[in-house]
Amino acid sequence: MRKLEFTDEFKKAVERFSVINGTVASFSQEKGKITAKITFKDFTAEIAYSLGDTQGYTFLESSSVAGCLLTKFKFPFSPIAYSIYDIHNAVDDKFFITYDFHNIHNSKELSNALETVFAFMVRNYDRISSISTDVQMQKRLNDYFKKSLDTVMKKVSLDEYCSNTEKYEKKYYNGLYVLRCQATEFTDFILHGKVKKLQRFYAKTKKLLPFEERYLEYLYQTDFAVDENVKIVVENNTKYSNVMNCAARISLVIGVALMLITHFIVKYITEKVLFDGFTLFCENAFAEDLLFLLLGFGYTILLLFPVFNILEKKKDIEINVTKTPVTFAVTAFTLICAIVFLSGGIALDVYKTENIVALSDESVYVFRDGKKNYYSYDDVDFYLIEGEYYDDVEYIDDEDYKQYILVVDGDFENYYASNYDYENLKDKIENKTQIKQSFKSFNEFEDAISNKNGIHNA
């Protein structure tokens, strides 16, 4: 796993806050994560800075596999580790911004995130401290937590959660992340003033988190006014996701183009090497969707980060994806996936190109039972379908409806119907062998082989 970056900056910021506010700070560290425990007189705040983490509520931010900063609060009266949003609800803070961060890409963003958390604790210190001794505040906090728990984990009661926090805590915080991680209603409202979209979101969402209910109430009270400072923060938060989305679209377009180029190159080389001098009789059934998915997806994920870095420089964003605290495993996995998809796609493309029936002057090539087979014209029989019935009434016998049937070694269960130019095949076939039998339509041919007495062996 890649080393977590900016840990020194994290420690220094926490230690500086601790000294200024007369608290005790301690640190614990594990792979990809560092946790600061700040002990106040009446409560403890735990701030965890980690590699990409899918925990914690996402609000007014662009979620991505980046550095995460999550804050929890603990009190002597309860086994619950409350989120910073739970505390926000209990103390009735009126500053509605992001407090759990999932998009830290550099030391400046880490510093800004910590300052936001520190500012929250300072301005609400007295009310947070009162929770330890004020029964009404404790009830208020637990009521808000219970409502959030009911929204995220419907079948787990508050008593169950308290009796086994080790079992449920991670599931709960994962659920908070999943709940809104793809929602854009908040950011669209802040950045683009889409009030109706936000109102529809609230109207159709059966269960809102208490923080969301309070935010909506606050917006109605302020006539949906947007604080400019909040707007600036949201704009900064969305820069990364906007560039990443743009990079994904560009990578997809280039990936599709490279997919087609690769397909035609593989097809050309394979046909040149294997089938020079052959005339294509038919292609066997093949799942082209899988082939194009492998090639297209392989190129897209291979191009994503390079394209992102180019756009990042052009947009003058202070993010370098190669320096983002993403696990080495994720980067390696992405590269491996690209290689696997591309290798599989090219191998499948070669297989598809081989998976045909073709005719030369000397032999008949048939890809059969997973193998390449070459037959002499003495080992195969050709049948001619002269036309077809339209709506089972009108008979059409022009060249567009004529086709040949190839039967190898008398195997009528596995015959091959031509799907290429009739005239080219006519010259090739009739110069080398005779048509064994003609049928007015394809149905007539199928009836003949099903009855087993309609095929002339003489």
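For the structure, see preceding data.
What you are looking at is a predicted structure, and each value in this text was computed from that prediction instead of being measured.

1. A closer look at the sheet that holds strand β9 (residues 364-368)
- Read from one edge of the open sheet, 4 strands run β7-β8-β9-β10, paired in antiparallel fashion. With partners counted over all chains shown, the strands left at the sheet margins are β7 (279-283) and β10 (371-375), one partner each. Taken pair by pair, the neighbouring strands of this sheet meet at an average axis angle of 20 degrees, ignoring direction.
- Two strands pair when backbone bridges link them, and β9 and β10 are joined in this way by 5 bridges, in the antiparallel orientation. Note that in β10 the partner of V364 across the bridge is Y375.
- On the sheet, helix α14 (residues 422-430) packs against β7 and β8 (356-359) and is oriented at approximately 110 degrees with respect to β7.

2. Concerning unusual backbone geometry
- Positioned with a positive phi, D92 is a non-glycine residue whose angle comes to about 60 degrees.
- As for its position among the elements, D92 is in the loop between α2 (84-91) and β6 (101-104).
- Of note, F224 is a non-glycine position whose phi angle comes to about 55 degrees, a positive value.
- With respect to the element layout, F224 can be found in the loop between α10 (210-221) and α11 (228-274).

3. What to know about the environment of E160
- Along the chain, the position of E160 falls in helix α6 (residues 158-163).
- Aside from chain neighbours lying at most four places away, what touches E160 is K155 and Y168.
- Within polar-contact distance, the side chain of E160 engages the backbone nitrogen of S157 at 3.0 Å.

4. A closer look at the nonpolar core
- Counting residues in hydrophobic clusters, the biggest one holds 71 residues, and the most contacted among them are F10, L69, F73, I87 and M121.
- Examining the composition of this core, we find that 7 residues originate from one element, helix α3 (residues 107-123), more than from any other.
- Contact partners of F73, with chain neighbours within four places excluded, come to F43, T44, A45, I80, A81, Y82, S83, I84, I87, F120, M121 and I128.
- Grouped together as the second largest cluster of nonpolar side chains are 18 residues, Y377, F382, L425 and I429 included.

5. Re the sheet that holds strand β16 (residues 435-439)
- On the basis of which strands lie adjacent, the open sheet formed by 4 strands has the order β15-β14-β11-β16 and mixed pairing. In this open sheet, the two edge strands, each paired with only one partner strand, are β15 (416-417) and β16.
- Note: strand β14 (residues 403-408) against β15, 2 bridges, orientation antiparallel. By the bridge assignment, L406 is partnered in β15 with Y416.

6. Some details on the environment of N103
- Positionally, N103 belongs in strand β6.
- Given the relative accessible area of 4%, N103 is considered buried.
- As a C-alpha pair, N103 and E61 span 42 residues in sequence and 7.4 Å in three-dimensional space.

Analysis parameters
- Residues numbered from 1 in each chain as written.
- Predicted model: local features only at pLDDT ≥ 70, side-chain atom pairs only at ≥ 80, totals over all residues.
- Heavy atoms only, no water.
- Pairing = 2+ DSSP bridges.
- Helix = DSSP H or I, 4+ residues; strand = E, 2+ residues; numbered from the N terminus.
- Axes fitted to C-alpha atoms, helices over the stretch in contact; angles between N-to-C directions.
- Contact = heavy atoms within 4.5 Å.
- Polar contact = N/O pair within 3.5 Å; in protein donor to acceptor, adjacent residues only side chain to side chain.
- Core = buried A, V, L, I, M, F, W, Y, C linked by side-chain atoms within 4.5 Å.
- Buried < 20%, exposed > 50% of the residue type's maximum accessible area, 1.4 Å probe, protein only.

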